[in-house]
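Understanding the architecture of this molecule
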Amino acid sequence: QVQLVESGGGLVQPGGSLRLSCAPSETIYDITAMGWYRQAPGKERELVAFMLFGATTTYADSVKGRFSISSDNAKNTVYLQMNNLKPEDTAIYYCKLERTRGWRPKGTWWGQGTQVTVSS
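These lines cover the structure that appears in this document, whether it is placed above or below.

**Things to note about the overall build of the protein chain**
Helix and strand counts for the protein chain stand at 0 helices and 11 strands. Order of helices (α) and strands (β) in the protein chain, N terminus to C terminus: β-β-β-β-β-β-β-β-β-β-β. Taken against the 2.2 N^0.38 rule, which gives 14 Å for 120 residues, the C-alpha radius of gyration of the protein chain at 14 Å falls within 12% of a compact globule. Based on the C-alpha atoms only, the size of the protein chain along its principal axes is roughly 50 × 30 × 30 Å. Within the protein chain, residue pairs in contact and separated by at least 24 positions form 53% of the contacts whose partners lie at least 6 positions apart. When the accessible surface of the protein chain is totalled, it reaches about 6700 Å², and 48% of it is carbon and sulfur. If you average the places of the 13 positive and of the 10 negative side-chain charges in the protein chain, the two averages end up 3 Å apart.

**Considering the pattern of salt bridges**
Where charged atoms from two side chains of opposite charge come close, those side chains can pair. Per the counting criterion, the structure on display carries 6 salt bridges. Where R104 meets D30, a salt bridge forms, and the shortest distance between an N and an O atom there is 2.8 Å. Here R104 is found in the loop between β9 (91-99) and β10 (107-110), whereas its partner D30 is found in the loop between β3 (18-24) and β4 (33-39), with 74 residues between them in sequence. Look at the salt bridges and you will find they share partners, linking R38, E46, R66 and D89 into a network.

**Side note on the sheet that holds strand β1 (residues 4-7)**
Whenever strands of a sheet pair, they do so through backbone hydrogen bonds, lying parallel or antiparallel. Taken in spatial order, the 4 strands of this open sheet run β1-β3-β8-β7, and their pairing is antiparallel. Each of the sheet's edge strands pairs with one partner strand only, and the pair in question is β1 and β7 (67-72). When strand polarity is set aside, the average angle formed by the axes of neighbouring strands in this sheet is 15 degrees. Of the pairings in the sheet, the one linking β7 to strand β8 (residues 77-82) comprises 6 bridges and is antiparallel in character. Across the sheet, the residue bridging to I69 is L80, located in β8.

Cut-offs used in this document
- Residues numbered from 1 in each chain as written.
- Predicted model: local features only at pLDDT ≥ 70, side-chain atom pairs only at ≥ 80, totals over all residues.
- Heavy atoms only, no water.
- Helix = DSSP H or I, 4+ residues; strand = E, 2+ residues; numbered from the N terminus.
- Rg over C-alpha atoms; globule rule 2.2 N^0.38 Å.
- Contact = heavy atoms within 4.5 Å.
- Areas by Shrake-Rupley, 256 points an atom, 1.4 Å probe, with all protein chains shown as cover.
- Lys, Arg positive; Asp, Glu negative; His and termini not counted.
- Charge placed at Lys NZ, Arg CZ, Asp CG, Glu CD.
- Salt bridge = Lys/Arg side-chain N within 4 Å of Asp/Glu carboxyl O.
- Pairing = 2+ DSSP bridges.
- Axes fitted to C-alpha atoms, helices over the stretch in contact; angles between N-to-C directions.

Put into C-alpha cells, the structure is as follows:
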C-alpha cells in the first residue's frame with residue numbers, strides 16, 4: 001500500500017516560513033491532481049492549495065500571495081511553501097494526490113498530516 005509521507009511541519013513565529021513536503025513511499029504514476037488541506041481544532045478540513053497537474057493552481061483566499069504549491073517530479077515530491085505565516089495558519093496539514101485519468105486504476109492518497117503551529 002502506497003503511503004504519503006509528510007514532513008516539514010513545526011513551530012514557527014508569525015512572519016516565518018515553512019516548507020512542507022509530501023512524498024509517496026513508492027512512485028505513483030500519472031498523478032492528475034495534488035492538493036494541500038488543513039484542519040484546525042474545532043474546524044472542518046479546508047482546501048489550502050490545489051494544482052491540476054501540468055495546469056492551473058488554486059489557493060484559498062486566506063493564503064493567496066503567501067503559499068505556493070509545487071512539485072519536483074525528479075524527487076517525486078509535492079511541496080507547500082508557506083511564507084509570512086500567521087497564527088491562523090495553525091493546523092494539521094494534509095497532502096492529497098489523485099489519479100483520475102489514464103489506464104491505471106483510479107486512486108486518492110492522503111498524507112498522515114503534519115502539524116504547523118504559528119505562535120510567538
